[in-house]
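Each chain, letter by letter, is given below.
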Amino acid sequence: MRRRAFLKGFAAIATAAAAGPLIVTDRTIAQTRTIFVNTWGGSWTAAEEAAFFKPFTEATGIRVRTVAPVSYAKLKAQVQSGSYEWDVTAITQADLLRADREGLVEPVDWTVVKKDKLFPNAVYANGLAYCALGTNLAYRKDKFPQGGPKSWADFWDVKKFPGSRSMLNNAVRTVQFALVADGVPVDKVFPLDVDRAFRKLDQIKPHIKVWWTQGNQSQQLLRDGEVDLIVMWNARASELQQQGLPVELVWHGATITTTMWGVAKGAPNRKPAWEFLQFAVQPKPQADFANKLYYGPTNPDAFKHISPEVSRQLPTYPENVKVAIKPDTVAEADQTAKIQERFTQWLAS
Amino acid sequence: MAGELNAAAVRPASLVGGARRNATAWLLLAPACLALVLLFVVPIGYVLLLSVTDPRLSLAHYERIFTVPVYTRVMVNTFVTSLIVTALCLVIGYPVAYVMARRAGWVSTLLLTIVAMSFWTGFLVRTYAWLVILGSKGPVAGAYGALGLGKAPQLLFSTFGSTLGMTHILLPYMILALYAAMRKIDANHLKAAASLGARPAAAFRDVFLPLSLPGVVNGSLLVFVTCLGFFVTPVLLGTPRDMMISQLINQQIEELLAFGFASAVAVVLLIATCAVVAIYNHYAGLDRLWG
């Protein structure tokens with residue numbers, strides 16, 4: 001028995017050795033073109049690998065290597081120094097806008113990217129829209145057998161919905177939720193009435209047990225039953241649901257933020273980089289990514305490849321977009337620093 | 001050529017040896033110096049530069065730190081918290097180190113093992129352990145319920161929780177520093193004190209305590225300076241009220257990309273830390289800390 005196993009193993013090694021040279025030549029051809037991508041690492045990159053990188057390499061022969069985590073400082077440093085670690089970066093919409101204003105990203109190369117292969121609003125600040133993330137009200141269903149909160153107004157209503165609460169320690173998100181709780185329609189949140197928002201926030205402050213800062217912290221709080229109502233990123237809540245926890249997500253008044261792809265200014269492999277960006281926003285790869293991590297596809301056609309059950313949980317699902325806060329990313333980016341300072345001060349007092 | 005050789009021959013042998021020894025010493029020091037310059041001096045210089053040049057050449061960031069109340073508050077809070085944690089570590093750690101140093105055999109070994117294990121357990125793990133212990137479903141809340149005391153007070157996400165967590169994490173540093181100093185105290189000194197008529201309390205006060213002071217100073221400096229830069233524990237166990245400088249720096253960089261302002265805050269923290277070390281040096285002497 002043991003001997004047979006040994007022989008089997010030996011045979012496998014011998015086969016691998018014989019096939020070795022073939023694999024190597026295969027690689028050397030593909031290696032003639034490689035692009036480097038800056039991304040977040042971990043499960044995020046594992047999903048990207050399956051949805052974007054592998055199919056792209058299969059389709060074009062261009063290899064993709066990743067560098068983690070995403071760093072704005074490095075993007076700036078490599079453009080200034082002219083020595084590049086990566087060509088493509090995944091980047092939040094606000095950071096891309098700033099990078100574009102600072103001249104750190106390439107303009108869209110329309111000789112590579114074809115307009116008819118893109119969807120409306122795919123291009124923003126010289127990047128391509130990649131996926132969308134919801135920041136929602138989430139709660140423990142088991143704590144509210146009579147039916148849970150349905151809006152930010154309910155979240156603020158501590159008498160009707162008793163329970164410990166937690167919010168995300170992020171000023172611009174919180175300010176928007178407060179405005180909706182105060183009765184501002186979701187499509188009229190911008191321009192932000194910051195004073196009104198802080199007046200509303202004063203009411204909820206004594207009831208917030210913890211202001212969380214890290215994604216896994218928010219999951220731990222809800223999982224351990226430390227809090228019953230919480231502000232949470234949609235994919236994090238979906239992950240808890242998949243683990244069998246009685247968690248419900250509210251889409252009314254959620255904020256939807258888009259993550260982008262950008263190409264570093266002057267990057268050596270910018271032609272294949274744009275080829276990759278165009279590939280990555282096509283319906284099939286977008287759907288594959290959404291099916292893995294529950295971040296919304298930016299390409300509307302991707303929903304053709306996603307089941308209705310999963311679709312309903314995604315930020316870009318049309319029904320969810322309709323009730324979410326209508327964003328104004330430029331106005332938001334311009335006010336972030338100022339609001340954050342006031343918010344930090346407000347939290348500390 | 002011959003002249004040079006002659007000169008070497010004429011020079012006293014000890015001087016030649018000294019010069020060579022000097023050169024060897026420098027050669028041995030070179031890698032450490034190079035690493036320090038590249039990994040420490042250069043980045044700090046860059047941070048200093050950023051604090052007055054990003055986004056433009058000005059001292060506006062420093063002005064903001066000292067004029068906007070919340071930033072001054074964070075600075076003061078960081079120092080007060082560090083002082084409290086240092087004092088707690090000293091009060092809790094001194095008796096433990098005393099027993100470890102004075103008692104031979106298994107008691108000492110057991111204590112040392114416990115302290116070392118705590119020391120080697122990642123601080124993130126220890127912080128999460130407090131989340132469980134102090135949580136609303138944890139043993140403390142359970143004990144309250146079992147004893148019929150009603151609902152436990154909120155221990156988690158409070159100044160208490162954050163101070164407790166930081167004290168727990170830094171305690172091994174204090175104990176090990178104290179232990180190292182106390183082990184060096186010759187037991188015969190205490191015997192001599194006793195033979196001269198000192199009661200144990202007096203012997204401790206007049207002989208042991210002064211001799212253990214280097215350990216107290218060393219441990220306090222170590223704990224205090226480490227505490228100034230604490231990040232994860234107050235974030236996970238405390239409230240936004242207890243914000244420390246590192247959280248402020250992290251927020252400015254991660255959320256606002258305000259590298260200039262974050263650098264200025266870092267520089268203020270660095271200068272304040274250096275001031276503390278300088279004061280220690282003036283009164284205690286830094287060289288005494290290491291033995």
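Just so it is clear, the structure is predicted and the values come from calculations on it, not from any experiment.

Student: Sorry, what's going on with the overall build of chain A here?
Tutor: For chain A, the count of helices and strands is 14 helices and 10 strands. By its C-alpha atoms, chain A is 70 × 60 × 40 Å across when sized along the principal axes. Counting over 349 residues, chain A shows a buried share of 43%. Taking all contacts inside chain A whose residues are at least 6 apart in sequence as the whole, residues at least 24 apart take part in 73%.

Student: Honestly, the overall build of chain B in this entry has me stumped. Any pointers?
Tutor: Of the regular secondary structure elements, chain B holds 14 helices and zero strands. Whereas a compact globule of 291 residues would reach a radius of gyration of roughly 19 Å, chain B reaches 25 Å, over 25% beyond that. When the backbone C-alpha atoms are referred to their principal axes, chain B occupies close to 95 × 70 × 30 Å. For chain B, buried positions account for 27% of its 291 residues. For chain B, the share of sequence-separated contacts (at least 6 apart) that also reach a separation of at least 24 residues comes to 74%.

Student: Looking at this structure, how should I read unusual backbone geometry?
Tutor: Only a minority of non-glycine residues have a phi that is not negative, and only a minority of peptide bonds are not trans. With an omega dihedral of -5°, the bond running from Phe190(A) to Pro191(A) counts as a cis peptide bond. Between Asp54(B) and Pro55(B) the backbone carries a cis peptide bond, its omega angle lying at 0°. Inspection of the secondary structure puts Pro55(B) in the loop between helix H2 (13–53) and helix H3 (60–67). Non-glycine residue Phe157(B) carries a positive phi angle of around 55°. With respect to the helices, strands and loops of the structure, Phe157(B) is situated in the loop between helix H7 (139–146) and helix H8 (159–183). Of the residues examined, Phe157(B) has 27 C-beta atoms within 10 Å and is grouped as buried.

Student: What am I meant to see in the interface of chain A and chain B here?
Tutor: One frequent convention defines the size of an interface as the accessible area lost when the parts assemble. The interface is formed by 22 residues belonging to chain A together with 18 residues belonging to chain B. Going through the elements one at a time, helix H3 (72–81), helix H4 (93–101), strand S7 (208–212) and helix H14 (329–348) of chain A are the ones with two or more residues in the side of chain A that touches chain B. Per element, the largest residue contribution to the side of chain A that touches chain B is eight residues, and it comes from H14(A). Partitioned by chemical class, the residues of the side of chain A that touches chain B number seven nonpolar, nine polar and six charged.

Student: Looking at this model, I keep getting lost on the domain arrangement of chain A. Mind explaining?
Tutor: All names here are of chain A. Each assigned domain of chain A is listed with its residue range as follows: domain 1 (34–131 + 259–309) and domain 2 (134–255 + 331–348). On a C-alpha basis, the centres of domain 1 and domain 2 stand 29 Å from each other. Each partner contributes to the interface: domain 1 provides six residues, whereas domain 2 provides six residues. If you tally residues by element for the side of domain 1 that touches domain 2, the top one is H4, at three residues. Class assignment for the residues of the side of domain 1 that touches domain 2 results in five nonpolar, no polar and one charged.

Student: What is the right way to read the domain arrangement of chain B from this model?
Tutor: Residues and elements named next belong to chain B. Entries for chain B in the domain assignment read domain 1 (1–53) and domain 2 (61–289). The distance between the C-alpha centroids of domain 1 and domain 2 comes to 38 Å. Tallying the contact residues gives four residues for domain 1 and seven residues for domain 2. Of the residues contributing to the side of domain 1 that touches domain 2, the split by class is three nonpolar, one polar and no charged.

Student: Is there a simple way to think about the confidence of the model for chain B in this case?
Tutor: Any segment with low pLDDT has predicted coordinates that should not be analysed in fine detail. Residue and element names in this part refer to chain B. Looking at chain B as a whole, the pLDDT averages 88, with 92% of positions reaching at least 70. Of the regions scoring below 50 in pLDDT, residues 1–5 engages in zero contacts with residues more than four places distant in sequence or in other chains. Both confidence scores are given for the complex: pTM 0.80, ipTM 0.73.

Student: What am I meant to see in the pairing of strand S2 (residues 63–67) of chain A here?
Tutor: In regular strands, side chains alternate between the two faces of the sheet. Residues and elements named next belong to chain A. Across five bridges, the pairing between strand S1 (residues 34–38) and S2 is parallel. Residue pairing across strands places Phe 36 opposite Arg 65, the latter belonging to S2. At this point the chain moves from S1, through helix H2 (residues 42–60), to the parallel S2, and the crossover so formed is right-handed.

Student: How should the environment of Glu248(A) be read in this particular structure?
Tutor: Residue and element names in this part refer to chain A. Along the chain, Glu 248 falls in strand S9 (residues 247–263). When the 17 C-beta atoms within 10 Å are taken as the criterion, Glu 248 is described as partly exposed. Along the chain, Glu 248 and Tyr 84 lie 164 residues apart, while their C-alpha atoms are 44 Å from each other.

Student: Hey, could you run me through the confidence of the model for chain A in this one?
Tutor: All names here are of chain A. Confidence in the prediction of chain A, expressed as mean pLDDT, is 90, and 91% of residues score 70 or more. Taken element by element, chain A is modelled with least confidence in helix H1 (residues 2–30), mean pLDDT 45, and with most confidence in helix H5 (residues 152–156), mean pLDDT 98. Confidence drops under a pLDDT of 50 for residues 9–31, and excluding neighbours within four residues, the segment shows four contacts in the predicted structure.

Student: Can you help me understand helix H7 (residues 194–204) of chain A in this one?
Tutor: Given 3.6 residues to a turn, an α-helix orients residues that are three or four positions apart in the same direction. Residues and elements named next belong to chain A. Inspection of H7 places Ala 197, Lys 200 and Leu 201 among the buried residues, and these make up the whole buried set. Take H7 and look down its axis: the buried residues cluster within an arc of 105°, on one side only. With respect to the buried face of H7, the exposed residues turned more than 90 degrees away are Asp 195, Arg 199 and Asp 202. Where H7 is buried, its residues meet helix H6 (171–181) and H14.

Student: Could you clarify how one ought to interpret the environment of Glu319(A) in this entry?
Tutor: Residue and element names in this part refer to chain A. Within the secondary structure layout, Glu 319 lies in helix H13 (residues 318–323). Its 10 C-beta neighbours within 10 Å are what place Glu 319 among the exposed residues. Separated by 247 residues in the primary sequence, Glu 319 and Tyr 72 place their C-alpha atoms 33 Å from one another.

Student: Help me understand the environment of Arg63(A), please; the structure alone is not making it clear to me.
Tutor: All names here are of chain A. Mapped onto the fold, Arg 63 is located in strand S2. Its 17 C-beta neighbours within 10 Å are what place Arg 63 among the partly exposed residues. Counting along the chain gives 116 residues from Arg 63 to Leu 179, while the straight-line C-alpha distance between them is 47 Å.

Student: Got a minute to help me understand the pairing of strand S3 (residues 88–92) of chain A in this structure?
Tutor: Residues and elements named next belong to chain A. With respect to burial, S3 is a largely interior element, four of its five residues being buried. Where S1 and S3 come together, two bridges link them in parallel fashion. Among the inter-strand pairings, Asn 38 is bridged to a residue of S3, identified as Thr 89. Across five bridges, the pairing between S3 and S9 is antiparallel.

Student: Whenever I open this one, the packing of H8(B) against helix H10 (residues 200–228) of chain B confuses me. Can you help?
Tutor: Packed helices, taken two at a time, are described by their axes: the angle between them and the distance between them. All names here are of chain B. At a closest axis distance of 8 Å, the pairing of H8 and H10 adopts a crossing angle of 155°. Relative to H10, H8 is oriented roughly antiparallel. With respect to the hand of their crossing, H8 and H10 are arranged in right-handed fashion. In this structure, H8 uses Met 166, Leu 170, Tyr 173, Met 174, Ala 177, Leu 178, Ala 180, Ala 181 and Met 182 to contact H10, whose residues at the interface are Ser 212, Pro 214, Gly 215, Val 216, Asn 218, Gly 219, Leu 222, Val 223, Thr 226 and Cys 227. Tallied by class, the residues present in the contact of H8 with H10 amount to 14 nonpolar, five polar and no charged.

Student: Just checking my understanding: could you explain H6(A) for this structure?
Tutor: Residue and element names in this part refer to chain A. A large share of H6 lies buried, amounting to 10 of its 11 residues. Turning to H6, its buried residues are Ala 171, Val 172, Thr 174, Val 175, Gln 176, Phe 177, Ala 178, Leu 179, Val 180 and Ala 181. Those residues of H6 that are buried are in contact with H5, strand S6 (165–168), H7, strand S8 (229–233), S9 and H14. The first or second residue beyond H6 is Gly 183, which carries a positive phi of 105°.

So, how was this worked out
- Residues numbered from 1 in each chain as written.
- Chains lettered and ligands numbered in written order.
- Predicted model: local features only at pLDDT ≥ 70, side-chain atom pairs only at ≥ 80, totals over all residues.
- Helix = DSSP H or I, 4+ residues; strand = E, 2+ residues; numbered from the N terminus.
- Buried ≥ 20, exposed ≤ 12 C-beta atoms within 10 Å, placed from the backbone.
- Contact = placed C-beta atoms within 7 Å.
- Rg over C-alpha atoms; globule rule 2.2 N^0.38 Å.
- Nonpolar A, V, L, I, M, F, W, Y, C, P; charged D, E, K, R; others polar.
- Domains from an automatic or database assignment.
- pLDDT = per-residue confidence, 0-100.
- Pairing = 2+ DSSP bridges.
- Right-handed = clockwise from strand over helix to strand, strands pointing away.
- Arc of directions from axis to C-beta.
- Axes fitted to C-alpha atoms, helices over the stretch in contact; angles between N-to-C directions.
- Parallel < 35°, antiparallel > 145°, perpendicular 65-115°, else oblique.
- Left-handed = near helix turned anticlockwise from the far one by under 90°.

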